[in-house]
Amino acid sequence: MPTVDAKPSPFTFELDNVALLVIDMQRDFLLPGGFGESLGNDVSQLARTIEPLAALMAVWRAHNLPIIHTREGHLPDLSDCPPSKLARGGIGEQGAFGRILIRGEYGHDIVDELAPLDGELVVDKPGKGAFYATDLSDILEKLNAKKLVVTGVTTEVCVHTTVREANDRGYDCLVPADCVGSYFPEFQRVGLEMIAAQGGIFGWVADSPTLIAALSSQEQK
Amino acid sequence: MTATIGPVKANPYLWPYDGTVDVSRTALICIDWQTDFCGKGGYVDSMGYDIELTRAGLPATARLLEHVRGLGMLVIHTREGHDPDLSDLPPNKRWRSAQIGAEIGSDGPCGRILIKGEPGWEIVPEVAPLPGEVLVDKPGKGAFYATNLDLVLRTHGITHLILTGITTDVCVHTTMREANDRGYECLILSDCTGATDPSNHTAALHMVTMQGGVFGCVATSDDVIAATEPSDHPARHPEND
């Protein structure tokens with residue numbers, strides 16, 4: 001059983017009950033000139049997650065373990081975008097990479113370095129959380145996944161919301177700190193602290209080299 | 001109904017996004033004001049945290065409750081807790097509470113910790129529900145998961161939520177995130193919330209305000225009271241009934 005040195009305690013999983021979630025590594029959030037940067041955010045804070053995440057995904061694929069990618073976005077007619085979200089601006093407007101956060105647009109898709117392989121699942125979500133109004137629960141049930149490694153962007157928004165949803169549903173979540181990113185270093189720090197506080201109120205925090213080492217010490221499945 | 005709320009001087013925008021909202025479309029959500037979270041001998045006290053921090057929002061919440069009850073606003077109270085047989089307690093949640101020395105379901109000074117019907121699970125008297133107010137029992141941090149909250153809100157025609165309760169970064173934030181994804185326009189009150197760690201309280205409120213209000217807005221109870229406008233008809237005060 002792989003055991004990962006984590007906060008607040010070691011995180012264990014089996015090769016047949018774990019899945020990797022990669023949250024919203026989309027061009028609109030990560031690329032210079034995209035929606036995220038147009039809001040005045042420092043996208044380099046997110047870009048640093050690409051390399052460790054690519055390495056983690058490579059190891060995950062080598063072990064034939066499941067990877068689920070998510071994308072935040074809306075239908076072209078915006079019928080799945082709440083008026084209060086639309087009123088805050090940007091969504092559906094013309095951006096550098098097509099209509100902002102609209103399904104099918106270039107900016108809505110995942111960055112080239114982390115592109116899903118054939119057979120990997122992609123969950124499109126209208127909100128910050130990956131469980132609300134999606135079939136993620138059914139997917140995880142079919143995979144028999146009880147332990148989730150949650151990665152992606154941004155730490156305090158979509159990653160946190162998804163970890164909170166997963167935690168209430170009884171999943172154990174491990175968040176590798178170097179594979180999640182926030183535009184704001186302060187939120188990166190407190191976002192990770194909140195997860196591991198009070199005995200791990202939402203889950204566990206480690207880093208990807210520790211996770212990879214725990215996995216690599218196992219016989220290949 | 002008899003009054004409107006807004007525009008409220010909130011951060012980062014004047015709340016709500018659509019200018020004003022009738023009290024009949026607005027609900028006040030009071031999250032987990034339970035002895036287990038803010039009373040002596042409760043769960044949070046047993047874990048060794050300072051309950052003065054989680055009690056800090058009680059006076060302002062009590063005052064706001066009086067105000068919105070006078071307006072006839074829908075009031076919803078939530079309680080985190082589990083069935084006595086623990087059949088709705090995820091094993092990992094139980095395990096983690098045991099690790100920190102306050103296992104859910106075990107006996108404490110206020111009865112079995114976080115178990116429905118026990119003294120510690122009840123809402124503290126300062127903000128106790130009145131007969132007729134909605135109570136939502138939830139097994140998780142979020143008030144939407146595995147509850148009827150969404151159905152209750154939609155049945156009442158509610159589109160806007162004002163959030164109070166504890167703790168800011170855990171149950172209030174999780175509920176606000178769930179509500180925001182469901183399209184509810186949310187306002188969290190800085191003086192009617194609290195956390196076991198003051199810096200988490202501050203950071204959680206700050207997170208709400210980023211990116212144009214990624215989960216909604218932050219204000220104080222005074223801001224809400226000041227932004228209450230009676231409409232053409234006189235307000236329905238209980239003493240006039």
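Residues numbered from 1 in each chain as written. Chains lettered and ligands numbered in written order. Predicted model: local features only at pLDDT ≥ 70, side-chain atom pairs only at ≥ 80, totals over all residues. Heavy atoms only, no water.

Under an unreviewed UniProt entry, the name given to chain B is Cysteine hydrolase, and the source organism is Paractinoplanes bogorensis.

Chain A appears in an unreviewed UniProt entry as Cysteine hydrolase from Paractinoplanes bogorensis.

Further remarks concern the overall build of chain B. Each helix and strand in chain B was counted, giving nine helices and 11 strands. For chain B, whose C-alpha radius of gyration is 18 Å, the value lies close to the compact-globule estimate of 18 Å for 241 residues. Structurally, chain B occupies a C-alpha span of about 55 × 45 × 30 Å along its principal axes. Burial statistics for chain B: of 241 residues in total, 58% are counted as buried. (Helix = DSSP H or I, 4+ residues; strand = E, 2+ residues; numbered from the N terminus. Rg over C-alpha atoms; globule rule 2.2 N^0.38 Å. Buried < 20%, exposed > 50% of the residue type's maximum accessible area, 1.4 Å probe, protein only.)

With that out of the way, let us pick up the UniProt feature "domain: Isochorismatase-like" (unreviewed entry) in chain B. UniProt records the feature "domain: Isochorismatase-like" (unreviewed entry) for residues 26-214 of chain B in the present numbering. Regarding residues 26-214 of chain B, the helix share stands at 37% and the strand share at 21%, and the terminal C-alpha atoms are separated by 20 Å. (UniProt positions renumbered as here; feature names shortened; annotations may be inferred.)

This part takes up empty space enclosed by the protein. Overall, the coordinates contain two cavities of 30 Å³ or more when judged by the stated rule. In this structure, the largest cavity occupies an estimated 290 Å³ of space. Along its surface, the largest cavity is lined by 25 residues, and Ile 201 of chain A together with Tyr 43, Glu 80, Lys 93 and Lys 141 of chain B are the ones closest to its centre. Elements supplying a minimum of two residues to the lining of the largest cavity: α7 (155-168) and α8 (185-200) of chain A together with α2 (43-46), α5 (91-99) and α7 (168-181) of chain B. Top element by residues in the lining of the largest cavity is α5 of chain B. It accounts for four residues. In the lining of the largest cavity, the residues fall into 12 nonpolar, seven polar and six charged. (1 Å grid on protein atoms, 1.4 Å probe; cavity = no way out; pocket = protein on both sides within 12 Å on 5 of 7 lines; lining within 4 Å. Points joined across faces, edges and corners; volume = space filled by probe spheres on them. Nonpolar A, V, L, I, M, F, W, Y, C, P; charged D, E, K, R; others polar.)

Taking 1.5 Å of rise per residue, the 14 residues of α7 of chain A would be expected to cover 20 Å, and the 18 Å separating its terminal C-alpha atoms lies within 8% of that figure. For α7 of chain A, a buried count of 14 out of 14 residues is recorded, marking the element as mostly surrounded by other parts of the structure. (Expected span 1.5 Å × (residues − 1).)

This part covers the sheet that holds strand β11 (residues 228-230) of chain B. One key point about sheets: their strands pair by backbone hydrogen bonds, in either a parallel or an antiparallel sense. All names here are of chain B. Strand order in this open sheet of three strands is β2-β1-β11, and the pairing throughout is antiparallel. The strands lining the two open edges of the sheet, one partner per strand, are β2 (21-22) and β11. Two elements, strand β1 (residues 3-5) and β11, share three bridges in a ladder whose sense is antiparallel. Of the residues in β11, the one forming a bridge with Thr 4 is Glu 229. (Pairing = 2+ DSSP bridges.)

Should their charged atoms come close, side chains of opposite charge can pair. For the coordinates displayed, the defined rule picks out 25 salt bridges over all chains. Measuring nitrogen to oxygen at the nearest pair gives 2.8 Å for the salt bridge that ties Asp 124 of chain A to Arg 71 of chain A. Of this pair, Asp 124 of chain A sits in strand β7 (residues 121-125) while Arg 71 of chain A sits in strand β4 (residues 67-72); the two residues are 53 residues apart in sequence, bridging distant segments of the chain. The exposure class of Asp 124 of chain A is partly exposed, given its relative accessible area of 22%. Between Lys 141 of chain B and Glu 80 of chain B there is a salt bridge whose closest N-O contact spans 3.1 Å. Placement of Lys 141 of chain B in the loop between β7 (134-138) and α6 (149-155) and of Glu 80 of chain B in strand β4 (residues 74-80) is noted, with a sequence separation of 61 residues between them. Judged by relative accessible area, which is 9%, Lys 141 of chain B ranks as buried. What makes Glu 80 of chain B buried here is its relative accessible area of 1%. Connected through shared salt-bridge partners, Asp 24, Glu 72, Lys 85, Lys 125 and Lys 128 of chain A make up one network. (Salt bridge = Lys/Arg side-chain N within 4 Å of Asp/Glu carboxyl O.)

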